[in-house]
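# Residue-level structure breakdown
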Amino acid sequence: MLHMNKIRVIYTLAAVAVYALVWFIGNGSHSTEATWQEEAAPWLGEAPAGLQMQTIRATTAEELPCTEFSIPADAAWQQKIIATYQLEPSQYGATTLYTNTGVLPVYPNEQPQLPTGLSPVLSPRLIVQEDGSMLFYPNDPNAPKDETTALRLTPSFPQCLPQNPQWDIVSSIILAVLCFMLPGVLCCAVWLWGQRRRVADADTNYICYALPALVAFVGAYTDFFVHGFDSSYSTYSALFSVATNMICAFALVKLTQLCRGR
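Right, let's walk through the structure included here. This one's a predicted model, so the numbers in the text were calculated from it and none came from an experiment. (Residues numbered from 1 in each chain as written. Predicted model: local features only at pLDDT ≥ 70, side-chain atom pairs only at ≥ 80, totals over all residues. Heavy atoms only, no water.)

## Focus: the side chain of S241
On the secondary structure map, S241 appears in helix α7 (residues 231–260). When near neighbours in sequence (up to four residues on either side) are disregarded, S241 contacts C179, F180, A216 and A220. (Helix = DSSP H or I, 4+ residues; strand = E, 2+ residues; numbered from the N terminus. Contact = heavy atoms within 4.5 Å.)

## Brief notes about the pairing of strand β2 (residues 66–71)
Counting buried residues along β2, 5 of its 6 residues qualify, which places the element largely inside the surrounding structure. Examined bridge by bridge, strand β1 (residues 52–56) and β2 share 5 bridges and lie antiparallel to one another. Residue Q52 lies in a different strand from β2, and its bridge partner there is S70. Relative to strand β7 (residues 134–137), β2 runs antiparallel, the two being bridged by 3 bridges. Of the residues in β7, the one forming a bridge with S70 is L135. (Buried < 20%, exposed > 50% of the residue type's maximum accessible area, 1.4 Å probe, protein only. Pairing = 2+ DSSP bridges.)

## Focus on the side chain of T84
Turning to its location among the elements, T84 is positioned in helix α4 (residues 75–85). From its side chain, T84 meets the backbone oxygen of K80 in a polar contact 2.7 Å long. Residue contacts for T84: discarding those within four places in its chain leaves W43, L44, L153 and S156. (Polar contact = N/O pair within 3.5 Å; in protein donor to acceptor, adjacent residues only side chain to side chain.)

## Regarding unusual backbone geometry
Non-glycine residue Q86 carries a positive phi angle of around 55 degrees. Overall, the relative accessible area of 43% leaves Q86 in the partly exposed class. Phi at R196 takes a positive value of approximately 60 degrees, unusual for a residue other than glycine. On the secondary structure map, R196 appears in the loop between α5 (165–194) and α6 (204–226). Here R196 falls in the exposed class, since its relative accessible area comes to 52%.

## Examining the pairing of β7
Along β7, one buried face is formed by M134 and F136 and the opposite face, lined by L135 and Y137, is buried too. Sheet topology note: the strand β6 (residues 125–128)/β7 ladder contains 4 bridges and is antiparallel. Across the sheet, the residue bridging to I127 is L135, located in β7. Adjacent in sequence and paired antiparallel, β6 and β7 are bridged by 5 residues, among which G132 carries a positive phi angle near 95 degrees.

## Quick notes on the packing of aromatic side chains
Inspection of the entire model under this criterion finds 12 aromatic pairs. Relative to F229, the ring of F224 lies with its centre 5.5 Å away and its plane at 65 degrees, an arrangement referred to as edge-to-face. Residues F224 and F229 agree in their burial class; the two are buried. One aromatic cluster is present, formed by W36, W43, F69, W77, Y85 and F136 through successive ring pairs. Positioned above the aromatic ring of Y137, the side-chain terminus of R125 is 4.1 Å from the ring centre. (Phe/Tyr/Trp six-rings, centres within 6.5 Å; stacked < 30°, edge-to-face > 60°. Lys NZ or Arg CZ within 6 Å of the ring centre and 35° of its normal.)

## Examining the sheet that holds β7
Pairing is antiparallel in the open sheet, where 6 strands are placed in the order β1-β2-β7-β6-β4-β3. If you trace the sheet from one side to the other, it starts and ends with β1 and β3 (88–92), each paired once. The mean angle between the axes of side-by-side strands here comes to 20 degrees, regardless of whether they run parallel or antiparallel. In this fold helix α2 (residues 32–39) packs onto β1, β2 and β7, with an angle of close to 110 degrees to the strand it touches most, β2. (Axes fitted to C-alpha atoms, helices over the stretch in contact; angles between N-to-C directions.)

Here it is in structure tokens:
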């Protein structure tokens, strides 16, 4: 029994470590500078001094998280943002909200299209507070999107556009597949095929089913929650990850039985 417990501990630690490594590789570059470079640099160039960033969490499962940049009081930067996106002011007490009807990017012919989610329309927003400091949102994904009323604007700094946006899409797909398949495939492949363990082994149910389900749920929930999704959406995504990993694990176990005849 001691030997069996040791095996389970080793597999548990290894599965968690591999999942964490994959998560870090896919998300480790999401710093303030990297996010500015991706969302704002093509329009505004180099980031302002004192820039800070936070993710505004979605409040319902239907909403998406939103990036918020905090910029110290700077009249030049305020006018630069307003002019670039052609924003119009609305007064709310001591703060001023600048918005527009949306921006439909017109990219130079030699530059690739940026992936912008469900709609190509951006919804920039700027809040100027009483002390002059600013809260800037390059794109509110939850704002209404209407291409017929959006302004057609060309990014001011096309050299900041990603040169290989297709790779960004491919890498996102790969990470999604790993999230929804990795624990089940990894545990079963190593246990049944790498170590040549039998399906009837006493630890197979834990390593091939219980452990992948646990890692899939905790890992997916943490991933979505850290990225600002609502807790209910994170839970649904985690349950979906458990289901897909269980399907992969079940298929590998059955394939092992067919190949070995037992």
